[in-house]
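# Architecture at a glance
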Amino acid sequence: LFSQASHNSRLEPVEPVAGSTEVIARISDLIADLRPDDVDLLAAFHRIQHEFGYVPREAVPLLAGKFETTPAIIFGTIDFYSEIRTTPPAETTIEWCSGPACLLKGSLNIRRVLEAILECEMNRVSADGRFGLRLVQCDGTCHLAPLVRHRGRYLGPLSVSESIEWARELTGERGNGKGEMGTVVSPEGEAVSSGSGEATDHGDKERAEE
Amino acid sequence: MRATPAAYEELKSRADEVWARIASPSRTLIKVGVATCSRVVGAEETLAALRREVDAQRLEADVMVTGCLGLCYAEPLVEIIQPRGQAVLYQRVTADKVAALLSKTVASEGVAAEMALATTVGRGFGSVPSIESLEFMRGQVRRLMANCGVIDPGSIEHYVARGGYEGLIRTLRMKREDVIKEVQDSRLWGRGGAAFSTGLKWEFLFNAKRKPKYLICNADEGDPGSFVNRNLMESDPHLLVEGMIIGGFATDADVGYIYIRDEYPIPVERMTEAVEQAKQAGLVGRGILGADFNFELEVVRGAGSYVCGDETGLLSSLEDRRGMPKIKPPFPAQAGAFAMPSNINNVESYTNVPLIMRHGAQWWAAMGSEKHKGTKMFSLSGQIKRVGILEVPLGTPTSEVVMQMGGGPPEGRRLKGIQPGGPLSGVIPAGDVDIALEPDPYRERGVLMGSGGLVILDDSNCIVDLCIYFEWFAEDESCGRCTTCFAGTRRMLEILRRISSGRGRMADLELIKLLGRIAQNANCFHGQGAPTAVMSMFRFFEEELLEHVQRNRCPAKVCRGLVRYEVMHQSDLLPKAEAICPTNAVIRDNGSYRIDQAKCIKCDACREQAPYAIGVVDEFAGV
């Protein structure tokens, strides 16, 4: 009785839908050793997202079969968690911290300029697919507030002007200002290591920090 | 009394040997703190540079990784211990400073005074104070954090040598009931925010007879601005492992899960490694240390959901579905994970237990206030000079932590308020900064002390703006079950946004209060707690709120709909403002500058470039 308590609709494995046979084979491999009712579904999401950068649609029926439930419940679960994505990430994703320390130090100004310069709304991908802006939760790196993250690097504390110059450099537009771009700044505001001059991504697919 | 199992004896003697080389090194020992807060300012690069330089210069030195001392504001931190000299902690040692640091210290047996933060052993000297005398450290009592920044978090030997797993050894010689009684005698209550007796919860699970039983650690720490659990897990992971094993024994549980939020990759990695080491050492698994006790332990990585930090939301998440909080009763002790008896505690609750079992309930309860025993970790962030993580006895005045240890707001600013806990906890005003850091004085003010975050507001911040953030967060993270929560927070957010855009009306205030009352009918604390911050705005910041509603003015000049940017007078700096503007809203007409209000997104960049020439004025001045 209790082994079935977690879902009220256990079904026979569903037929896989059409999709890439390669993707289906790879996902099947990735989840082969997982079991229902063994706290494995989250692990399945992470493995698939680590492999593809997102959870492809082919995964939904496969997971439903594996975890003895319906595709609707699987999709509802994917949809529930903000770190699990169902669309491929943009060429370059910029993560904007939404936390309170960043907010109190002016992160909304930074959000506005990123949205304006990258021509991209929060949690969307720009029309040309180059840039994605992603809202992320506070991870307690508040000594860098306000901060953004890019390719696993943390940039902060950022002034609005620094954010603008950095974003312009990303888009390839020549910045007018003279500030250090993409500079990691120490809590005292002194530049401690510059870099990210390589910020123009040479088309290499970046994957969200795993 | 049963003999201490041989496996532990072996581990202990090996550990003592390993630790002896760290505690009194025969040649220079360099410790580099690598944890989330230091990694983001380049600690890994510092570590690599140190190893490279030590090799290249053939220095007589060993380089070791350690966790985090909690001094986020001074990272990356490097401690250099010289066998015949000083033990000094150096601050902000980025990779480019490594060569200079080594030549002044290891190579010449000296001290690089200009980079030194403090001495870590003995008294200070010259301009370098002892670590205990730093304002950030004075008044702290480090019990949970005793190993943080001291041992290698990847070494079970370091943990064991410093008294680790002694509490477990003592536990395994006792009856389960006596272990629970000892935890109850300590008067430890849950550190996750609800402040319910840990021992009593354990008794509920112990009394449940169905098997298997689950013991779960809530390491979801979703409250933005709280990062105390993170520090403990990445700096001393075995403390949590030991606490879970003791809890498993006391409650007769079979399986333990440590549920860590996805935003914490380093804690996931280090806890997984620690659990694996504990398995290898026979501390987790079947027949633990020869006792008739089996306990499996597993680390689970979340996927980004705040309500999974609610205990029943976490249970749903473990059960392969949406992490929606469940309706109670049944309580977890009756029907929790997979409908079997379960117990859920916070990281800090479990990590206190090894200390109680090692030193006894009486020792443990000697610290703290009359009513609230023990120490508590807090994280400081926001408008504060020293961002960091610290540990103080419960009952310590809030002002001591915020103003002395944290250093208060930046120069020239005034403290406005403190937001403890998380978005559901409320805000206390600056005038109450002297209240004791323990649940009661906060509760009297309609605020929750919460799980350890302290976010500091100063006079540059707007309370309405902050409340919009809290309501947005509550709405965004609502699971969608209760209309009072998912729709109530949405309505609340709409009203607050209306107020911040200059269209507020007096009737809104009553509507907000009504929504606040309705929210109490939500199933879980997410909905019930959602209006707390707004209610504390009514209680402590009413004047500022009324200024927004009645006069359409934001005194802090933060609310975007209530201000506009204007050129106050012409200046040589205005060309820079024109250049920086991302929307070309700074316009030059016949040699004089003005701002095109239709284009301006009010991002403040022009004022950064031309601080006196450009001003922020009330949009509805004189209304």
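Our structure is the block above this text.
Now for a quick tour of the structure. Note that the structure is predicted; figures quoted are calculated from it, not measured. (Residues numbered from 1 in each chain as written. Chains lettered and ligands numbered in written order. Predicted model: local features only at pLDDT ≥ 70, side-chain atom pairs only at ≥ 80, totals over all residues. Heavy atoms only, no water.)

## Considerations on the sheet that holds strand E2 (residues 61-66) of chain B
One key point about sheets: their strands pair by backbone hydrogen bonds, in either a parallel or an antiparallel sense. Residues and elements named next belong to chain B. Ordered by their spatial adjacency, 5 strands build an open sheet running E2-E1-E3-E4-E5, and the pairing between neighbours is mixed. Two strands lie at the open edges of the sheet, namely E2 and strand E5 (116-119), each paired on one side alone. Adjacent strand axes in the sheet meet at a mean angle of 20 degrees when their direction is disregarded. Relative to strand E3 (residues 78-81), strand E1 (residues 28-33) is paired through 4 bridges, and the arrangement is antiparallel. Pairing of Val 32 across the sheet is with Val 78, part of E3. (Pairing = 2+ DSSP bridges. Helix = DSSP H or I, 4+ residues; strand = E, 2+ residues; numbered from the N terminus. Axes fitted to C-alpha atoms, helices over the stretch in contact; angles between N-to-C directions.)

## Side note on the sheet that holds strand E8 (residues 296-301) of chain B
Residues and elements named next belong to chain B. Spatial ordering of the open sheet is given by E8-E7-E6-E9, a layout of 4 strands whose pairing is parallel. Two strands bound the open sheet, and with one partner strand each, they are E8 and strand E9 (342-346). Taken over all neighbouring pairs, the strand axes of this sheet differ in orientation by 20 degrees on average, direction set aside. Note that strand E6 (residues 214-219) and strand E7 (residues 255-260) share 6 bridges and pair parallel. Across the sheet, the residue bridging to Cys 217 is Ile 258, located in E7. Packing against the sheet, helix H11 (residues 265-280) makes contact with E7 and E8, and its axis sits at approximately 165 degrees to E8. (Contact = heavy atoms within 4.5 Å.)

## Focus: the side chain of B:Ser130
Secondary-structure assignment places B:Ser130 in the loop between E5 and helix H5 (156-161). Note on B:Ser130: relative accessible area 13%, which makes it buried. (Buried < 20%, exposed > 50% of the residue type's maximum accessible area, 1.4 Å probe, protein only.)

## Comments concerning the layout of surface pockets
All names here are of chain B. The space that makes up the second largest pocket amounts to roughly 1,100 Å³. With 5 residues, E9 is the largest single contributor of residues to the lining of the second largest pocket. When its residues are assigned to classes, the lining of the second largest pocket shows 15 nonpolar, 20 polar and 8 charged. (1 Å grid on protein atoms, 1.4 Å probe; cavity = no way out; pocket = protein on both sides within 12 Å on 5 of 7 lines; lining within 4 Å. Points joined across faces, edges and corners; volume = space filled by probe spheres on them. Nonpolar A, V, L, I, M, F, W, Y, C, P; charged D, E, K, R; others polar.)

## Observations concerning the nonpolar core
The biggest cluster of nonpolar side chains holds 123 residues, and the ones touching the most others in it are B:Tyr165, B:Val241, B:Ile245 and B:Ile258. Sort the elements by how many residues they give to this core and helix H10 (residues 237-251) of chain B lands first, with 8 residues. Setting aside anything within four residues of it in sequence, one finds B:Ile245 in contact with B:Tyr165, B:Leu168, B:Leu283, B:Val284, B:Ile288, B:Phe293 and B:Phe295. With 62 residues, the next largest nonpolar core counts A:Val113, B:Ile463, B:Ile512 and B:Met537 among its residues. (Core = buried A, V, L, I, M, F, W, Y, C linked by side-chain atoms within 4.5 Å.)

## A word on the pairing of E1(B)
All names here are of chain B. Taken across its 6 residues, E1 has 6 buried, putting it largely inside the fold. Burial of E1 is two-sided: the residues Thr 28, Ile 30 and Val 32 facing one way and the residues Leu 29, Lys 31 and Gly 33 facing the other way are all buried. In this structure, E1 lies alongside E2, joined through 6 bridges in parallel fashion. By the bridge assignment for E2, Leu 29 is matched with Asp 62.

## Notes on a negative patch on the surface
All names here are of chain B. On the surface, Glu 44, Glu 45, Glu 269 and Glu 273 cluster together to form a negatively charged patch. Counting through the fold element by element, Glu 273 comes out in helix H11. Residue Glu 273 is classed as partly exposed on the basis of its relative accessible area, which comes to 37%. (Patch = residues over 30% accessible without salt bridge, like charges linked within 9 Å, V, L, I, M, F, W, Y side chains within 5 Å. Areas by Shrake-Rupley, 256 points an atom, 1.4 Å probe, with all protein chains shown as cover. Salt bridge = Lys/Arg side-chain N within 4 Å of Asp/Glu carboxyl O. Lys, Arg positive; Asp, Glu negative; His and termini not counted. Charge placed at Lys NZ, Arg CZ, Asp CG, Glu CD.)

## Side note on the interface of chain B and chain A
Contacts between the two partners involve 72 residues from chain B, matched on the other side by 59 residues from chain A. Around 5,300 Å² of area is buried between chain B and chain A when both sides are counted, 59% of it from carbon and sulfur atoms. In this assembly, chain B and chain A are joined by 0 salt bridges. With 6 residues, the top contributor of residues to the side of chain B that touches chain A is helix H17 (residues 463-477) of chain B. Among the residues making up the side of chain B that touches chain A, the classes are represented as 36 nonpolar, 15 polar and 21 charged. (Buried area = accessible area lost by both parts, 1.4 Å probe.)

## A few points about a nonpolar patch on the surface
Together, B:Phe196, B:Leu200 and B:Phe204 make up a nonpolar patch on the protein surface, roughly 250 Å² of accessible area in all. Take B:Phe204: it is sitting in helix H8 (residues 198-207).

## Things to note about the packing of aromatic side chains
One pass over the structure, following the stated rule, counts 14 aromatic pairs over all chains. Measuring from ring centre to ring centre gives 5.1 Å for A:Phe80 and A:Tyr81, while their planes differ by 85 degrees; the resulting arrangement is edge-to-face. This pair shows no difference in class: A:Phe80 is buried, exactly as A:Tyr81 is. Plain terms: the ring middles of B:Tyr469 and B:Phe473 are 6.2 Å apart, the flat faces sit at 45 degrees to each other, and that makes the pair tilted. Within this pair, B:Tyr469 and its partner B:Phe473 are both found in helix H17, separated by 4 residues, close to a single helical turn. B:Phe473 shares its class with B:Tyr469; the two are buried. Its end group placed over the ring of B:Trp363, B:Arg143 keeps NZ or CZ at 4.0 Å from the ring centre. If you follow B:Arg261 out to its NZ or CZ, it ends over the ring of B:Tyr264, 4.8 Å from the centre. (Phe/Tyr/Trp six-rings, centres within 6.5 Å; stacked < 30°, edge-to-face > 60°. Lys NZ or Arg CZ within 6 Å of the ring centre and 35° of its normal.)

None of the figures reported here should be taken as evidence of function without further support.
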